[in-house]
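Coordinate inspection notes
This is what each chain is made of:
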Amino acid sequence: MQSRGLKTLAAPIPLSSLSDDVAALERALERTDGPLVLVAHAYAGAVIGACTNERVRSLVFISALSPDEGETVADVFYRDKPSPEAPKLTPDNHGLLWMPDDRFGAAWCQHARPEQAALLAAIQGPIAVAAIQEKVPKPAWKEKPSWYLVAEEDRMINPATQLFLARRMGAQVRSEKVDHASPITAPGPVIGMIHEAIASSVARQSGTQQHG
C-alpha cells in the first residue's frame, strides 16, 4: 500500500480496556491529517467502531468483531459455537487472556508456515478480560460505509458470526477461504478490500465536491 503512495499507520493499542484502546487510537490519529479509512482485525473491530474521529470516511473489518450499542465483544464472540480447534481461554492471575503456544498455530493461523506461526505466538500480546466485557457506544458503522472480509476457514471467530455481523452493519461483504490471520497469511484479499474502501471514499468525496 505504501508503494502506491498511501500513507499507513498501525495504531498501537494496549488491549487493557475498550476505552483505553479507543483513546490510544485517537492519539495515533492525531499524528495524521486528511481523510481516513480505518482497518481492523478481530477485537480491534470494536475499537474502530467506537472511534468518533470526524475525518474517518470508511471502516474495513477483517474477520473482526463489531458489537452493536450496548453489546460487548464477548457477546458477539460467543454468539455461535466455537471451532473444535479453538482453545478455551482462561485469564491468568492478572486478568489477561493468552493463546496457548501449543494451540496457537492450529487455531489462530493454520495457513501460516510453522516458523511464521511460532514467531506470531512468541510476539502475541494478551488482551485483558475487561476489554471484552465493556459495553460499546453507538458504533460508527451505523453512519459510515463499511466493508467486511469474512474468513471462511477462521477457527477463532466463527464464520457464521462474521457473516451475521457483516450483514447487520450493511457492509460490503467479501468471503474468502482464508484463516483468522489473513492479514499475514493471505494479504492479497485484505489489501484488495482496503483499496475498494479507499476508492469508494475518494469517489464519494469527489461527487460531494462537484455537487457542492
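Up top is the structure.
Below, the structure is looked at part by part.

Quick notes on the rules
Every chain's residues receive numbers from 1 upward, in the order its sequence appears when written. Totals for whole chains, interfaces and linings use all residues, but because this is a predicted model, local features are given only for residues with pLDDT of at least 70 and pairs of side-chain atoms are given and counted only at 80 or more. Water and hydrogen atoms were dropped before computing side-chain values, which therefore reflect all heavy atoms in the structure. Just to be clear on terms, a salt bridge is a Lys or Arg side-chain nitrogen sitting within 4 Å of an Asp or Glu carboxyl oxygen. Here's how the labels work: a residue is buried when its accessible area is under 20% of the maximum for its type, exposed when over 50%, partly exposed in between, all with a 1.4 Å probe on protein chains only. Using protein atoms alone on a 1 Å grid, points that fit a 1.4 Å probe yet trap it form a cavity, whereas open point sets bounded by protein on both sides within 12 Å along at least five of seven lines form a pocket; residues with an atom within 4 Å of a point count as lining. Grid points are joined across faces, edges and corners, and a volume is the space filled by probe spheres set on the points. Each residue receives one of three labels: charged for Asp, Glu, Lys and Arg, nonpolar for Ala, Val, Leu, Ile, Met, Phe, Trp, Tyr, Cys and Pro, and polar for the others, Gly being one of them. A pair of strands is treated as paired once DSSP finds two or more bridges between them. Secondary structure follows DSSP: runs of H or I at least 4 residues long count as helices, runs of E at least 2 residues long count as strands, and numbering of each begins at the N terminus. Axis definition: a line fit to C-alpha positions, over the contact stretch in the case of helices; interaxial angles, taken between N-to-C directions, run 0 to 180 degrees. Between two residues, a contact is recorded if the distance between any of their heavy atoms is within 4.5 Å. Roughly parallel means an angle under 35 degrees; roughly antiparallel means over 145; roughly perpendicular covers 65 to 115; every other angle is labelled oblique. Handedness of a crossing follows from how the near helix is turned relative to the far one, being left-handed for an anticlockwise turn of less than a right angle and right-handed for a clockwise one. For a helix, the expected span equals 1.5 Å multiplied by the number of residues minus one. Note on aromatic contacts: the rings of Phe and Tyr and the six-membered ring of Trp form a pair at centre separations within 6.5 Å, being stacked when their planes are under 30 degrees apart, edge-to-face when over 60 apart, and tilted otherwise. Geometrically, a charge over a ring is one whose NZ (Lys) or CZ (Arg) sits within 6 Å of the ring centre while staying within 35 degrees of the ring normal.

Our focus in this paragraph is the pattern of salt bridges. Applying the stated rule across the entire model yields eight salt bridges. Among the salt bridges present, the one from Lys138 reaches Glu143, with a minimum N-O distance of 3.2 Å. A relative accessible area of 64% means that Glu143 is categorised as exposed. When salt bridges that share partners are traced, they join Arg174, Glu176 and Glu196 into one network.

Volume-wise, the second largest pocket comes out at about 220 Å³. In terms of lining, the second largest pocket is formed by 14 residues, of which the most central are Phe77, Tyr78, Pro82, Ala86 and Pro87. When the residues that make up the lining of the second largest pocket are grouped by side-chain class, the tally is eight nonpolar, two polar and four charged.

So, about the sheet that holds strand S2 (residues 56-62). Spatially, four strands are ordered S1-S2-S5-S6 in an open sheet, and the strand pairing comes out parallel. Only two strands of the sheet have a single partner each, and these edge strands are strand S1 (36-41) and strand S6 (172-176). On average, adjacent strands in this sheet sit at an angle of 15° to one another, irrespective of strand direction. Here S2 runs beside strand S5 (residues 146-151); their pairing, made up of four bridges, is parallel. If you follow Leu59 over to S5, its bridge partner there is Ser146. Packing against the sheet, helix H7 (residues 159-168) makes contact with S5 and S6, and its axis sits at approximately 165° to S5.

For the rest of this paragraph, the subject is the packing of helix H4 (residues 101-108) against helix H5 (residues 114-122). Helix packing for two helices is described by the angle between their axes and how far apart those axes are. The geometry of H4 relative to H5 is characterised by a closest axis approach of 9 Å and an angle of 120° between their N-to-C directions. Considering their axes alone, H4 and H5 lie oblique with respect to each other. By crossing handedness, the relation of H4 to H5 is classed as right-handed. Listed contacts from H5 to Asp101, Phe104, Gly105 and Trp108 of H4 are Ala117, Leu120 and Ala121.

Relative to the 16 Å expected for twelve residues at 1.5 Å per residue, helix H1 (residues 18-29) spans 17 Å between its end C-alpha atoms, a close match to the ideal helical length. Looking at H1, one finds that the buried residues are Leu18, Asp21, Val22, Ala24, Leu25, Glu26, Ala28 and Leu29. On its buried side, H1 packs onto S1, helix H2 (44-49) and helix H6 (129-133).

With that settled, consider the packing of aromatic side chains. For the structure shown, the criterion picks out three aromatic pairs. A ring pair is formed by Phe61 and Tyr148, whose centres lie 6.2 Å apart and whose planes are at 15°; its orientation type is stacked. Here Phe61 is found in strand S2, whereas its partner Tyr148 is found in strand S5, with 87 residues between them in sequence. The exposure class assigned to Tyr148 is buried, which follows from its relative accessible area of 0%. Geometry around Phe164 places Arg79 over its ring, the cationic atom sitting 3.6 Å from the centre.

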